[in-house]
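# Chain and residue survey
The primary structure of each chain is shown beneath.
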Amino acid sequence: MPSLSSTSRALSGPVPPSRADEPLPARLRDLPHTTWPLIALLVGFPIWWIVGLGVFSFVICAVPMALILLNRRPLRLPPGFGLWVLFLVWYLVSLTMLDENPAGAYGDLDFGRIVSVVVRLAIYLASAVIVLYVGNLSERELPRLALLRMLGALFVTTTLGGLLGVVYPDFQVPPLLGMLLPGRISGNPFVQNIIDPTAAQITWVGSVKAIRPEAPFEWANTWGNNYSILLIWFVLGWWVYASRKRRMLGAAILALSLVPVVYGLNRGLWVGIGISIVYVLVRLALRGRVMALGVAATGLVLGGALFAMSPLYAQVETRLDNPQSNGIRAYTRAKTIEATLTSPIIGYGNTRYAVGSDKTVVTGKTEACPECKHPPLGSDGQLWLLLISQGFVGAGLYILFFLNAMRRYWRDTSPIATGGVLTMLLVLFYMTIYDGLYTPMPLYLLSFAVMWRNGMDLSPPRLEPVAERALRARGRTRAAARRRRLLETKTRQAARMNGAAIRIREGQRERHGGPADGAE
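A quick note: this is a predicted structure, and the numbers were derived from the prediction, not measured.

Check the secondary structure of the protein chain and you find 20 helices and four strands. Here the protein chain displays about 25500 Å² of accessible surface, and carbon together with sulfur accounts for 66% of that area.

Together, Val278, Val282, Leu286 and Trp410 make up an exposed nonpolar region whose accessible area comes to about 390 Å². Its place among the elements puts Trp410 in the loop between α17 (382–409) and α18 (415–430). In this structure Trp410 comes out as partly exposed when scored by relative accessible area, which is 38%.

Here the structure, examined in full by the defined rule, presents four cavities of 30 Å³ or more. As a volume, the largest cavity reaches approximately 80 Å³. Lining the largest cavity we find 15 residues, and of these Trp49, Gly54, Ile194, Phe217 and Glu218 sit closest to its centre. Broken down by secondary-structure element, the contributors of at least two residues to the lining of the largest cavity are α3 (45–50) and α10 (189–195). Broken down by element, the lining of the largest cavity gets its largest block of residues, three residues, from α10.

Side chains of Arg244, Arg247, Arg474, Arg478, Arg482, Arg483, Arg484 and Arg485 sit close together on the surface and give a patch of like positive charge. Considering each element in turn, the positive patch owes the most residues, six residues, to helix α20 (residues 465–512). Tracing the chain through its elements places Arg478 in helix α20. Owing to a relative accessible area of 52%, Arg478 belongs among the exposed residues under this scheme.

Here helix α5 (residues 81–94) is 14 residues long and its end C-alpha atoms lie 20 Å apart, about the 20 Å a rise of 1.5 Å per residue gives. Three or more residues of α5 are buried, namely Phe81, Trp84, Phe87, Leu88, Tyr91 and Ser94. Seen end-on, α5 carries its buried residues on one side only, within an arc spanning 135 degrees.

A few words now on α18. Given a rise of 1.5 Å per residue, 16 residues ought to cover 22 Å, and the 22 Å separating the end C-alpha atoms of α18 matches this to within 8%. Burial analysis of α18 places 13 of its 16 residues in the buried class, the great majority of the element.

By size, the foremost hydrophobic cluster in this structure holds 106 residues, and its most contacted members are Trp84, Tyr398 and Phe402. For this core, the element with the highest residue contribution is α17, accounting for 13 residues. Not counting chain neighbours up to four residues away, the residues in contact with Trp84 comprise Tyr124, Ala128, Tyr398, Phe401, Phe402, Met441 and Leu445. Core analysis: the next-biggest nonpolar cluster, separate from the first, contains nine residues, Ala105, Ala339, Tyr348 and Ala354 among them.

When the charged atoms of two side chains with opposite charge come close together, those side chains can pair. In total, this model carries four salt bridges according to the counting rule given. Ionic pairing is found between Glu139 and Arg144, a salt bridge with its closest N-O pair at 3.3 Å. Each member of the pair, Glu139 together with Arg144, is buried.

With that settled, the discussion passes to the packing of aromatic side chains. The final tally for this structure, using the stated rule, is 25 aromatic pairs. Centroid distance Trp84 to Phe87: 5.2 Å. Interplanar angle 40 degrees. Geometry classified as tilted. Here Trp84 pairs with Phe87, and both are found in helix α5, just three residues apart, close to one helical turn. The structure contains a cluster of three or more aromatic residues connected by ring pairs, namely Trp84, Phe87, Tyr91, Tyr124, Tyr398, Phe401, Phe402, Tyr444 and Phe448.

Another point: the packing of helix α11 (residues 220–240) against helix α12 (residues 244–263). Running from N to C, α11 and α12 cross one another at 165 degrees; their axes reach a closest spacing of 10 Å. With respect to their mutual orientation, α11 and α12 come out roughly antiparallel. Two packed elements cross with a definite hand, and for α11 against α12 that hand is left-handed. Counting all contacts with α11, which are made through Trp223, Tyr227, Leu231, Phe234, Gly237, Trp238, Trp239 and Val240, the residues of α12 involved are Arg246, Arg247, Leu249, Gly250, Ile253, Leu254, Ser257, Leu258, Pro260 and Val261.

Residue placement: Ser116 occurs in helix α6 (residues 111–135). For Ser116, the side chain forms a polar contact with the side chain of Asn350, separated by 2.8 Å. Those residues in contact with Ser116 that lie beyond four places of it in its chain are Phe190 and Asn350.

What follows is about the confidence of the model for the protein chain. The predicted model of the protein chain averages 81 in pLDDT, with 77% of residues at 70 or higher. Segment residues 1–21 is flagged for pLDDT under 50; beyond a separation of four residues in sequence, or across chains, it makes 28 contacts in the model. Predicted confidence for residues 514–520 stays below pLDDT 50, and this span has five contacts to residues more than four positions away or in other chains.

Cut-offs applied
- Residues numbered from 1 in each chain as written.
- Predicted model: local features only at pLDDT ≥ 70, side-chain atom pairs only at ≥ 80, totals over all residues.
- Heavy atoms only, no water.
- Helix = DSSP H or I, 4+ residues; strand = E, 2+ residues; numbered from the N terminus.
- Areas by Shrake-Rupley, 256 points an atom, 1.4 Å probe, with all protein chains shown as cover.
- Patch = residues over 30% accessible without salt bridge, like charges linked within 9 Å, V, L, I, M, F, W, Y side chains within 5 Å.
- Salt bridge = Lys/Arg side-chain N within 4 Å of Asp/Glu carboxyl O.
- Buried < 20%, exposed > 50% of the residue type's maximum accessible area, 1.4 Å probe, protein only.
- 1 Å grid on protein atoms, 1.4 Å probe; cavity = no way out; pocket = protein on both sides within 12 Å on 5 of 7 lines; lining within 4 Å.
- Points joined across faces, edges and corners; volume = space filled by probe spheres on them.
- Lys, Arg positive; Asp, Glu negative; His and termini not counted.
- Charge placed at Lys NZ, Arg CZ, Asp CG, Glu CD.
- Expected span 1.5 Å × (residues − 1).
- Arc of directions from axis to C-beta.
- Core = buried A, V, L, I, M, F, W, Y, C linked by side-chain atoms within 4.5 Å.
- Contact = heavy atoms within 4.5 Å.
- Phe/Tyr/Trp six-rings, centres within 6.5 Å; stacked < 30°, edge-to-face > 60°.
- Axes fitted to C-alpha atoms, helices over the stretch in contact; angles between N-to-C directions.
- Parallel < 35°, antiparallel > 145°, perpendicular 65-115°, else oblique.
- Left-handed = near helix turned anticlockwise from the far one by under 90°.
- Polar contact = N/O pair within 3.5 Å; in protein donor to acceptor, adjacent residues only side chain to side chain.
- pLDDT = per-residue confidence, 0-100.

This is how it looks when you write it as structure tokens:
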């Protein structure tokens, strides 16, 4: 019966050159020049955000990635990638309905609609390029451990951005990109939302002023989405495959990151973290890791008890008691399904605005208030956006792509594959409440690429060089100690044997009255 490793290699195509004894780069600056677009994207993301290019950084960095791919033949394709290609084709087909409006909805084929369609297409294409780029680099060019560390660096940026939102929620700087764009473009509300570097969204939950961190991403919900995805790779890179010093630092960063998680009052993020915890506990139970399961469960109980006794519990309780967006979400989702049923195959290419709201039929754009608008249909999550934009077929292709990834790598029990499957599970959950665009989508596909890369070579990533040297040094010390103890034992045994031989010869002399050998 073929092994899992051989089956994975057969499915994934040619295996990149990688040997167990091959020396891998120890630091980011030691990586070859082919990896600089990814380093610039993940490690340099704070710079992209502060100049207003956070959303577009993935598209910009995908260009040099595509140029690097042009020089590689043949290209490896991940399993199930054809589903993503079909999804992109369906996206283009749905654009034929851009000028149509379903009954009960309105919207003009204006500049804003065209811009949003182009940006979404660019994000989808850039995400595909990122997958091919990461999957076609060898372990020597881009070690999996280095990739985990770069994703962990973006998690650290996410944590610092969240803390900035909590401490300084009014932080805002004029984006450099906004200064360079024409006024017609920079003044568009959609463009402003994705280029303005703001730290937090401020809302009221009952009588409580809620500060919802969003830096370095475009919205507060996006911050929560990206946090939970990056958290998986941070734990792998800064705990599972890490030295003791890095683990201590990672634990401190993780503890700090919980502050914006709680203060952000993001119910979807809380549920996502709960799903992650349950998933890890179930996988540990299935693998028979009783000790790890017990430690995790004990830590969870203690953490829950400490949280219940803290002042943060009252704030979370207030948020749960004031579900302010439930009514409007239910209304827009119902209207989205109604609109989709009028064009169920290819949708309408983009979102539309509903006539009225859940409270009154007169809400919306009028001659007296041309700027008054209802939240667009499809704005309550990636699923609803796909339904009205690409119909049931487009939404089905999107879902099948991630389900197929889960199916293929579920049996791989390595930590990276386990984290990758969890990421795909969160993608399917978040699509019902969060928009998958704009920064989350490339992170979804990048997570898929990490899992694919790991499936090509099931040997675990080697520890960082410092830890390796420490292990070798400890091994040499222990080996020397064993040799020393063995030598001391042999010396004592030889001394005892010599002493016994001397005593025997002396006894023989006494009995025979002469030398021990009996000679006269």
